[in-house]
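Observations on the model geometry
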Amino acid sequence: MREAAGTRLQAGTHTGMVTDKNRDKKNTADGRLVLAATPIGNTGDASARLTELLRMADIVAAEDTRRLYDLANRLGVRVGGNVVAYHDHNEHLKVDGLLDGVERGAVVLVVSDAGMPTINDPGLAIVRRAIERGLPVTCAPGPSAVLDALALSGLPTDRFCFEGFVPRKQSDRVRRLRSLLTETRTIVFYETPQRIARTMDAFAEVFPPSRPMVLARELTKDYEEVRRSTVAALRQSVIDDPPRGEIVLVLQGASEEELRAAAASGADGGEAFDVDRLAREADDLSRRGGLKPKDAIAATVQAHPYADGSLANRKDVYAAMLRLRQKAVG
Ligand code: SAM
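None of the values given here were measured: they were computed from a predicted structure.

For helix H12 (residues 314-329), built from 16 residues, the straight-helix expectation of 22 Å at 1.5 Å per residue is met to within 8% by its first-to-last C-alpha distance of 23 Å. Of the residues making up H12, those classed as buried are Val 317, Ala 320 and Met 321. Summarising the axial view, the buried residues of H12 lie within an arc of 105°, below the 170-degree limit, and thus occupy one face. Exposed and facing more than 90 degrees away from the buried side of H12 are Lys 315, Gln 326 and Val 329. Residues of H12 that are buried make contact with helix H10 (275-289) and helix H11 (293-303). For H12, the N-terminal capping position is held by Asn 313, with its side-chain oxygen 2.7 Å away from the main-chain nitrogen of Lys 315.

Dropping the structure here:
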């Protein structure tokens, strides 16, 4: 913590260099990097430690300085130290200057616009560099949309993973989701209102329609909403009632039944089949695995993408399966 105004360190706003005007008075053992979580919507979630750090830190590295001052105003605290803009575009340029300050005994606080720094926000570069330089790093934890949404989802929390934002390009997005088809842990994603409809199309293309899925939006804010649903129903709900604001998606992991289906149909690297072969596989899977034909078709089609990553049309496979069954009866 900063000891007295006279010992305050100064950070050059343009260069990122930190100069210590009165370094002799500073106890270098006090220096540390502190990551602090800020509210994700509700100012009341700010911790007492965050408020104290804003007041006492020698340097505050903030993703957006205007938002920092806005938060400080709402908390009724005066930011005591030097404020430095620290964001995705300049973090690599700033880290060493800020850490020179830590070495000289400064408390350097890193905050992002909302939630936990480093979680889809700036901060990782400085943490890594502090570790490399053997400098102390600590954290004043607090709100983060990942855990808030996960806890509210009602889906299993004992094992989960975080995927951040899915890729922007639809083909990359589908490929990424396909790689998660047999993931058994609950999966948390971040999303935006602009992309949610296309993202839900990709989920519907990849995952079984009945897989439980939750959309949580505007967490901790006045319009907080949690839609606990399934992949298919959630996709429809996003069409019928487009969600606004900030969004987290939580998807239940693959069930035992889905894993059996994937194994039986050779998921994870199966070769591409023509429609008739897909129909035979799906028919077999449906009978042996006790799956509904449409679920068996979905699993089989997923397991055997074409070389360009696209999938066979499920309706064509269904028609081929009906022909197969009629032939068997006749
Ligand atoms: N560092 C933040 C954290 O710890 O949650 C995440 C920052 S990331 C740039 C912003 C994304 O986080 C949003 O697009 C949304 O997916 C999620 N998010 C942040 N605040 C949220 C809120 N109040 N409700 C729902 N999602 C939120």
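This paragraph deals with the sheet that holds strand E7 (residues 137-140). Read across the open sheet, the 5 strands follow the order E5-E4-E6-E3-E7; overall the sheet is parallel. Unpaired on one side and paired on the other, strand E5 (82-85) and E7 mark the two borders of the sheet. Geometrically, the sheet is characterised by an average inter-axis angle of 25° between neighbouring strands, direction not taken into account. Two strands pair when backbone bridges link them, and strand E3 (residues 32-36) and strand E6 (residues 107-111) are joined in this way by 4 bridges, in the parallel orientation. Note that in E6 the partner of Leu 35 across the bridge is Val 110.

Moving on, we come to unusual backbone geometry. For residues other than glycine, phi is negative in most cases, and the peptide bonds are mostly trans. Even without being glycine, Glu 218 reaches a positive phi, approximately 50°. For Glu 218, a relative accessible area of 14% translates into the label buried. Here the phi dihedral of Thr 220 falls at roughly 70°; this positive angle occurs in a residue that is not glycine. As for its placement among the helices and strands, Thr 220 is situated in the loop between strand E10 (212-217) and strand E11 (225-230). In this structure Thr 220 comes out as buried when scored by relative accessible area, which is 18%.

For the rest of this paragraph, the subject is the site of the ligand. Neighbouring the ligand are 18 residues, the closest being Ile 119, Asp 121, Ser 144, Tyr 190 and Ile 247. The side chain of Asp 121 places a nitrogen or oxygen atom 2.8 Å from a nitrogen atom of the ligand. Computed on the free molecule, the ligand has an accessible area of 570 Å², of which 91% lies beneath the protein chains in the complex. Contributing elements (two or more residues each) for the shell around the ligand: strand E9 (186-191) and strand E12 (247-251). Class assignment of the residues belonging to the shell around the ligand gives a composition of 10 nonpolar, 3 polar and 5 charged. Domain assignment of the residues forming the shell around the ligand places at least three in each of domain 1 (2-143) and domain 2 (146-256).

Parameters at a glance
Residues numbered from 1 in each chain as written. Predicted model: local features only at pLDDT ≥ 70, side-chain atom pairs only at ≥ 80, totals over all residues. Heavy atoms only, no water. Helix = DSSP H or I, 4+ residues; strand = E, 2+ residues; numbered from the N terminus. Expected span 1.5 Å × (residues − 1). Buried < 20%, exposed > 50% of the residue type's maximum accessible area, 1.4 Å probe, protein only. Arc of directions from axis to C-beta. Contact = heavy atoms within 4.5 Å. Polar contact = N/O pair within 3.5 Å; in protein donor to acceptor, adjacent residues only side chain to side chain. Pairing = 2+ DSSP bridges. Axes fitted to C-alpha atoms, helices over the stretch in contact; angles between N-to-C directions. Near = heavy atom within 4 Å. Areas by Shrake-Rupley, 256 points an atom, 1.4 Å probe, with all protein chains shown as cover. Nonpolar A, V, L, I, M, F, W, Y, C, P; charged D, E, K, R; others polar. Domains from an automatic or database assignment.

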